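# Architecture at a glance
The primary structure of each chain is shown beneath.
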Amino acid sequence: MEPEAEQFSSLSNPLATVDQLSTSSSQLDGVPADLESSLRFAGAQLTQAAGILLRLPQEIIAQAIVIFHRFYLGSEGGSFRINALKDVSAASLYMTAKISFLPQSTRSVLNVYAYLLSPTSPLRQPLEGTAGKEKPDAESYCLSEGSYQAARATLLQTESIILRAISFITQVTLPHHVALTYLQTLGVLPPSPTEKSSALAARTLAHLNTALFSPQLLYLTHQPPALAVAAIYLAAREVEVKLPSTEWWEVFDVDRETLGFLVVGLGSCEGWIQSEKEKWTETSCPLTLDELEEDVKRRG
Amino acid sequence: MASTPSRFGGQTLNGNPAASKRTAGQASLEVGPDGKKPRFHGCSKISNYIMMSKLGEGTFGEVHKAESRVTGQIVAMKKILMHNEKDGFPITAIREIKLLKMLSHPNILKLEEMAIERTKGEGRKKAIMYMVTPYMDHDLSGLLENPSVHFTEPQIKCYMIQLLEGVAYLHASKILHRDMKAANLLINNHGILQIADFGLARPYDDPPPQGGKGGGEATRDYTTLVVTRWYRPPELLLTLRKYTSAIDMWGVGCVFGEMFKGRPILQGSTDLNQIHLIFDLMGSPNEENMPGWSTLLGCEGVKSFPQRKSTLSQTFREQGPSFVSLLGELLKLDWRKRVNAIDALEHPYFKSSPLPAKPGEIPQFQESHELDRKKFREQKANLPPAPAGGTVGMGPDGDFINGASNSNHHGQYRPRGGLGGYLNDQQPYPPRHNGYEFRQHGPQREFRGPPPPPGPPPSQSRRPAWPPEANGLPPRPPPPINPVWGGQVHRGSVPRDEIRGRPPPREGGVAGGPRVDTYIPSYANRDDGHRDRDDGRRGREDGQRRDERGDRGRQGERREQEHRDPGRRRSRSPERDRNRELYRR
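Residues numbered from 1 in each chain as written. Chains lettered and ligands numbered in written order. Predicted model: local features only at pLDDT ≥ 70, side-chain atom pairs only at ≥ 80, totals over all residues. Heavy atoms only, no water.

## What to know about the overall build of chain A
Cut-off, in case you're wondering: Here a helix means four or more residues in a row that DSSP labels H or I, a strand means two or more in a row labelled E, and each is numbered from the N terminus. Think of it in three bands: residues with accessible area under 20% of the maximum for their type are buried, residues over 50% are exposed, and the middle band is partly exposed, with areas taken using a 1.4 Å probe on protein chains only. Contacts are assigned to residue pairs that have any heavy atoms within 4.5 Å of one another. Surface exposure here means Shrake-Rupley accessible area, sampled with a 1.4 Å probe, where a residue is shielded only by the protein chains that are shown.
Looking only at helices and strands, chain A features 13 helices and zero strands. Traced from its N-terminal end to its C-terminal end, chain A shows the element sequence α-α-α-α-α-α-α-α-α-α-α-α-α. A total of 300 residues make up chain A; the buried ones form 56% of that total. Sequence separation of 24 or more characterises 77% of the internal contacts of chain A that already satisfy a separation of 6 or more. Working note: accessible area of chain A is about 12,700 Å², and carbon and sulfur atoms make up 54% of it.

## Examining the UniProt feature "binding site: ATP" (unreviewed entry) in chain B
How we decide: UniProt positions are given in the numbering used here, feature names are shortened, and annotations may be inferred rather than shown by experiment.
In the numbering used here, UniProt assigns the "binding site: ATP" (unreviewed entry) feature to B:Lys78. The residue B:Lys78 is located in strand 4 (residues 74-80) in this model.

## Digging into the sheet that holds strand 7 (residues 138-139) of chain B
All names here are of chain B. Applied cut-off: Note on pairing: DSSP must find at least two bridges between two strands before they are called paired.
Ordered in space as 7-9-10, the three strands form an open sheet in which the pairing is antiparallel. At either end of the open sheet lies a strand with only one pairing partner, and these are strand 7 and strand 10 (193-195). Here strand 7 runs beside strand 9 (residues 185-187); their pairing, made up of two bridges, is antiparallel. From the neighbouring strand, His138 faces strand 9, where its bridge partner is Ile187.

## Description of unusual backbone geometry
Residues and elements named next belong to chain B. The omega torsion of the bond from Ser353 to Pro354 falls at -5 degrees, within 30 degrees of zero and hence cis. Here Lys174, not a glycine, exhibits a phi torsion of approximately 60 degrees, which is positive. Relative to the elements of secondary structure, Lys174 occurs in the loop between helix 5 (153-172) and strand 8 (175-176). By relative accessible area, which is 23% here, Lys174 ends up partly exposed.

## A short note on a negative patch on the surface
Residues and elements named next belong to chain A. What counts, and what does not: Note on patches: the residues involved have over 30% relative accessible area and no salt bridge, like charges join within 9 Å, and the nonpolar side chains Val, Leu, Ile, Met, Phe, Trp and Tyr join within 5 Å. The term salt bridge refers to a side-chain nitrogen of Lys or Arg lying within 4 Å of a carboxyl oxygen of Asp or Glu. When charges are counted, Lys and Arg contribute as positive and Asp and Glu as negative, whereas His and the chain ends are disregarded. Where a charge lies is defined by one atom per residue type: Lys uses NZ, Arg uses CZ, Asp uses CG and Glu uses CD.
On the surface, a cluster of negative charge is contributed by Glu250, Asp253, Asp255 and Glu257. Here Glu257 shows up in helix 12 (residues 256-279). Looking at Glu257, the relative accessible area reads 70%, which means it is exposed.

## Focus on the pattern of salt bridges
All names here are of chain A. Evaluation of the coordinates by the stated rule reveals 24 salt bridges over all chains. For Glu145, the salt bridge goes to Arg107, with nearest N and O atoms at 3.1 Å. A residue pair is termed long-range when its members are at least 10 positions apart, and Glu145 in helix 7 (residues 145-165) and Arg107 in helix 6 (residues 106-117) qualify at 38 residues. For Arg107, a relative accessible area of 33% translates into the label partly exposed. The residue Glu238 makes a salt bridge to Arg203 at a minimum N-O spacing of 2.5 Å. With Glu238 in helix 11 (residues 224-239) and Arg203 in helix 9 (residues 195-211), the pair connects residues that are 35 residues apart, well separated along the chain.

Next up, the structure:
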């Protein structure tokens, strides 16, 4: 009755392999790597926006974004040219909410996506500045019964496709709660919060949330403890909180190299997001299959 | 493959001992267990398996025995049917898969992987998905019904230890099973017992039980619409929402008694009847043996019960004081003091003579599945007709049912050689269940028992193995009504109360906030036609159980009864029906 060498996974996630990171279905289908990164970013952003509109907690939204990334991973994963990112985003969010304790009806989810995908939605506008922004036009995102039924069928079908592609691994462990525990362990999160400790915690969580948008797919390459340590390291430097001068990350089983890589990865997110903003000022990032086809065609 | 993605890091949950035991062969976090295999990719294809035989079928889907082309392992494959599902992929299936992928213990049924059958013209047609688990020869319920199988005390102790180990692991991993019963315990011919069916399981948000401290206290509300009635603890029947892992321990106690008696020990026909049976056995509740019971909502509004003394030691007098002591601990009315799995394993019962058998010493029993049964039918035809008025449906020893209370059962251990013959003998009474598809059967599974003997008119000669009234399995609880997710009523409610005559759950739950546990949306648009069909089916399934005892002559009569009384015959897990509804559409 010796236990088999199987592991309990509530503190870790399945990670992507090198092969899966070096090639993808989308690239095999002729999506250039830079466009693929943009699509991943747009998908994560769309999911985040929809989650906020559905008033879902960040925990569920973050899990949905990770599942979205898992889906498009590797040559056996999904392809942006076959499964539109808007559908995968919606189905990821719908499914993640369904297995959580805040399930959303298909109608709520589809209404929100209809709004976000409408030509005048904030997501379709330049990301910054109010100049030239149109007011959302209610008619453009009204979901008729017919389109609702069609969208619902797509949603449920996409859900199945996602489950298959991710091998039913719906478990996503997030680094957020790990990070808070580590902050307490480091003694920088006193029971009665100070201004500084609150800022540190907030900045740590902000880094973790930003990492969901990283083109390096940090959530698929590193375990939660490593992400947590890197976020704490970076946040402490920014907020100027003194951490132990020893190599404290070793205590959390994170080595210096991993930490260094992740700190750079997290730190580069801001620049990456800025460049995405600039990249998509003229047109919005292609969210539907048709838009993507056009974009790919235009690039030749 | 799925073996691959499920091998994650070496961390254990909460550093609990049960989980940490198994971290010996720690896999690196960055590479797969074999150093190169990807640990994260899609499901395997159905072509990786050679289908061998059908084990059963039902609304839930077919279950096949199959052999893996990759590993040669014999597996059971449960099909998840994707009908025109209103809410997409069945949520219970996703949750069960999610939990099973996180668990790893020799006494928990392992989900090997998911296999996909790609249908032609992909796109329109949905793929068929299978859950692949190791093949187990029996389930405990089926094995107990098998007249040719006699459990010895060392064998029962062996099963109990494994059951408790599994439950201890689940609870230490902060998971409530919530559907503990004999039918969900699978047993193979190596004497290994595994807990299956996590369709009702959920994470437990309160501290796991600690040695010497019973089940502890819960701080949040959970739904009470869980656990098959015969295995449902008194606090659930009295509508305690802040229940603990102790609810699973009650089920373990019921199974423990069942292994000796050969049948479920508390077969209530309604919830109210169930609680009466419990108080008959364990004594009526008072502030001493069940503190706080009177503050609970009561069972179907009933809050007072006649004074009774415990009849436990009387009922199980032949099993000895040590047995009664352990059973009494497991069936304690006070859920706070009810023994937890850690402590139960330390009970003197397991250290007294006769000592527990080792799994390898337990005799093998002949497996039996739906389609195998045809074979048995032919064999049976050559047997002499059953004696009139005799104990037809029992084994050659005739003491299958009564054997449990037979003192010669005590400590009786058949050495392996003595039973070897079972495998070659033409066994007329094979075990009935294979432990995979039990609840999901449709009417096709009706004829599971041995065929009727040719010969004398069966109506009188065939008796149920125990009084017929005890045979009516109870209806399942209603599907969750007005599920509350985070305080909002998610979907329409269905007035199904008439089925159980139970007051509808309070909308919004007791807490009315996000702490209320729910598990499943209800399904508003079911029409009555569906329900009738469902009930008829349920009735027949239930009849199946009776058939298994050779009670074929009563079939016509039974059918009629079902017609009149469709809802009262099946011990069904709370959610199953809902699934059935889902899967049918």
